[in-house]
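An overview of the molecular structure
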Amino acid sequence: MSSTLLEVTRASHEEVERLERLVVKEFQAEPASTKEGLYRDHRVRLMIEQIMSTTHNLIGIYEDKDGSRKDEIAALGGKMGTGTGTNVFSAFYDRLKEIREYHRRHPAARAVDAGEEYELMFKEDPQLDFSGEV
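The numbers attached to residues start from 1 for each chain and follow its sequence in the written order. In keeping with the model being predicted, local features are shown solely for residues with a pLDDT of at least 70 and side-chain atom pairs are shown and tallied solely at 80 or more, while totals for entire chains, interfaces and linings include all residues. Side-chain figures throughout are based on the complete set of non-hydrogen atoms in the structure, without hydrogens or water.

Helix numbering and strand numbering both begin at the N terminus, where a helix is a DSSP run of H or I of at least 4 residues and a strand a DSSP run of E of at least 2. In terms of helices and strands, the chain carries five helices and zero strands. In the chain, the order of α-helices and β-strands from amino to carboxyl end is α-α-α-α-α. The 134 residues of the chain split such that 22% are buried. Method for areas: the Shrake-Rupley scheme with a 1.4 Å probe, in which residue coverage is limited to the protein chains shown. Working note: accessible area of the chain is about 10500 Å², and carbon and sulfur atoms make up 55% of it. Burial classes follow relative accessibility: with a 1.4 Å probe on protein chains only, a residue under 20% of its type's maximum area counts as buried, one over 50% as exposed, and anything between as partly exposed.

Shown next as structure tokens:
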């Protein structure tokens, strides 16, 4: 489905929240050895870097330098860029029509829970580049 700016914002917030939960989950389990503790710390560092990257993108969206977020919110309210009147119902039904057309064209599309995907991605031992040189 077409990703609107508000949908991208929502998905980004969801991703940050999911990563925060994974960080908490990592710290709740006590590592069995020092090596496992180091791997855990590296996994957490990767998660935090992903959180920082996503929040940096969110800041750019919220700054709204090009005005696209404001326009999208106005379009949801039925206000078109140059029109003075509002037609909330026509905007709603236009959006509903787009959604129905998408699902008609892609009947096999389904919502995917990315939580398990994130856990698997960060459960692998991180690749550590260490040459041993000082």
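In this section: the pattern of salt bridges. Salt-bridge detection follows one rule: a side-chain nitrogen of Lys or Arg within 4 Å of a carboxyl oxygen of Asp or Glu. Taken as a whole, this structure holds nine salt bridges when the rule is applied. Residues Glu 98 and Arg 95 are paired through a salt bridge, measuring 3.0 Å at the closest nitrogen-oxygen approach. Of the two residues, Glu 98 and Arg 95 both sit in helix H4 (residues 88-105), three residues apart, roughly one turn of that helix. What makes Arg 95 partly exposed here is its relative accessible area of 25%. Each of Glu 7, Arg 10, Glu 14 and Arg 18 takes part in salt bridges that share partners, so that together they form one network.

Our focus in this paragraph is the nonpolar core. Nonpolar cores are built from buried Ala, Val, Leu, Ile, Met, Phe, Trp, Tyr and Cys residues. Side-chain atoms within 4.5 Å join them into one set. If you look at the biggest cluster of nonpolar residues, it comprises seven residues: Val 16, Leu 19, Leu 22, Val 23, Val 44, Met 47 and Ile 51. Counting residues per element, the ones that place at least two in this core are helix H1 (5-28) and helix H2 (34-63). Other than its neighbours up to four places away in sequence, Val 23 contacts Val 44 and Met 47. Only heavy atoms matter for contacts: two residues are in contact if any of them lie within 4.5 Å across the pair.

The residue Ser 12 is located in helix H1 in this model. Setting aside chain neighbours within four positions, we find Ser 12 in contact with Thr 54 and Leu 58.

A few words on unusual backbone geometry. The phi torsion at Asp 64 lies on the positive side, around 50°, for a residue other than glycine. Within the secondary structure layout, Asp 64 lies in the loop between H2 and helix H3 (68-76). On the basis of relative accessibility, which here comes to 18%, the residue Asp 64 falls in the buried class.

Once that is clear, we can look at the confidence of the model for the chain. Per-residue confidence from the predictor is reported as pLDDT, which spans 0 to 100. Counting all residues, the mean pLDDT for the chain is 82, and 75% of those residues have values of 70 or more. Across the chain, the secondary-structure element scoring lowest on mean pLDDT is helix H5 (residues 114-123), at 66, and the one scoring highest is H2, at 94.

Our focus in this paragraph is the packing of H1 against H2. Relative to each other, H1 and H2 sit at 160°, their axes nearing to 9 Å. The orientation of H1 relative to H2 falls into the category roughly antiparallel. The way H1 lies across H2 gives a crossing that is left-handed. Across the contact of H1 with H2, the residue classes tally to 13 nonpolar, six polar and six charged. Simply put, an axis is a line fit to the C-alpha atoms, just over the touching stretch for a helix, and the angle between two N-to-C directions goes from 0 to 180 degrees. Any angle between 65 and 115 degrees counts as roughly perpendicular, while under 35 counts as roughly parallel, over 145 as roughly antiparallel, and the rest as oblique. Take the far helix as your reference; a near helix turned counterclockwise from it by less than a right angle gives a left-handed crossing, and one turned clockwise gives a right-handed crossing. Only Asp, Glu, Lys and Arg are considered charged, only Ala, Val, Leu, Ile, Met, Phe, Trp, Tyr, Cys and Pro nonpolar, and every remaining residue, Gly among them, polar.

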